[in-house]
Amino acid sequence: MRGLGTLINTAAVILGGLLGLCLKNGMKQKTQDILMQACGVATIFIGAAGTLSKMLVINDGKLETQGTMLLIFSLVIGSLIGEWLDIEQKMDLLGEKIKVAVKAQNDNHFVDGFVNVSLIICVGAMAIVGSIQDGISGDYSMLAAKAVLDLVIVLIFASTYGVGAIFSAAAIFCYQGLITLVAAICGSFVSQTIINDLSFIGSALIFCVGINVGFGKRIKVGNMLPALIFVIIYDVMLGLF
């Protein structure tokens, strides 16, 4: 059944969030604060590891870097477009609307939980590749594996951010569901090069999310999201010429 992977992933996010809420209710504020810092540091290293794994290569026994210009131009151009569109503000407004709809006006971490967790679980190669596989052949094994990882991630973040983290399930359902639908209609439309580069730039964005989680909101990661679109355009043009 095509789309089953996204349903499993969405259910795992909700389950992880509910388990995290149970933990949160028994935690003191200082415990929540240190856990949030720990989550931030862990996310920073996850993002850094993903970025460096694509940048660092060994040629003739020497350590070299690649993709530097793609990293610079995608983030710079993507950020300019995102700032013009003010994506971050729109994501925050969406979080605020959901917050009001579920009567969580007194939850100061609701919007941060929704936005940050949505970015972490949506930006990555597994979400793209797994959704394409699910759409083309109905193979949901990669999304099932991702569901386990997301369950743990959302559990931890829900234990500090609260109920806002659970609503990242809506983001993962729409994002992966759309990719699966397009893949089912159009077939395999993304090359391995595009997937690798999306993972590369996506990891850099996850690094930025980690900074926001651990040290307070310092980077408008939402406004950097068009960098991922620039990567696709760059690789398509590179393949044409």
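Residues numbered from 1 in each chain as written. Predicted model: local features only at pLDDT ≥ 70, side-chain atom pairs only at ≥ 80, totals over all residues. Heavy atoms only, no water.

**A word on unusual backbone geometry**
A positive phi angle, near 55°, is found at Asp-60, a position not held by glycine. Secondary-structure assignment places Asp-60 in the loop between strand E1 (56–59) and strand E2 (62–65). One non-glycine residue, Asp-86, lies in the positive phi region at around 55°. By the element assignment, Asp-86 lies in the loop between helix H3 (68–85) and helix H4 (87–101). Exposure remark for Asp-86: the relative accessible area of 29% places this residue in the partly exposed category. (Helix = DSSP H or I, 4+ residues; strand = E, 2+ residues; numbered from the N terminus. Buried < 20%, exposed > 50% of the residue type's maximum accessible area, 1.4 Å probe, protein only.)

**Considering the packing of aromatic side chains**
Here the structure, examined in full by the defined rule, presents 3 aromatic pairs. Consider the rings of Phe-230 and Tyr-234, whose centres lie 6.3 Å apart with planes at 25°: the pair is stacked. Pair noted here: Phe-230 and Tyr-234 are both in helix H10 (residues 226–240), with a separation of 4 residues, about one helical turn. (Phe/Tyr/Trp six-rings, centres within 6.5 Å; stacked < 30°, edge-to-face > 60°.)

**What about the pairing of E1?**
Alignment of E1 against E2, held across 4 bridges, turns out to be antiparallel. Across the sheet, the residue bridging to Val-57 is Glu-64, located in E2. (Pairing = 2+ DSSP bridges.)

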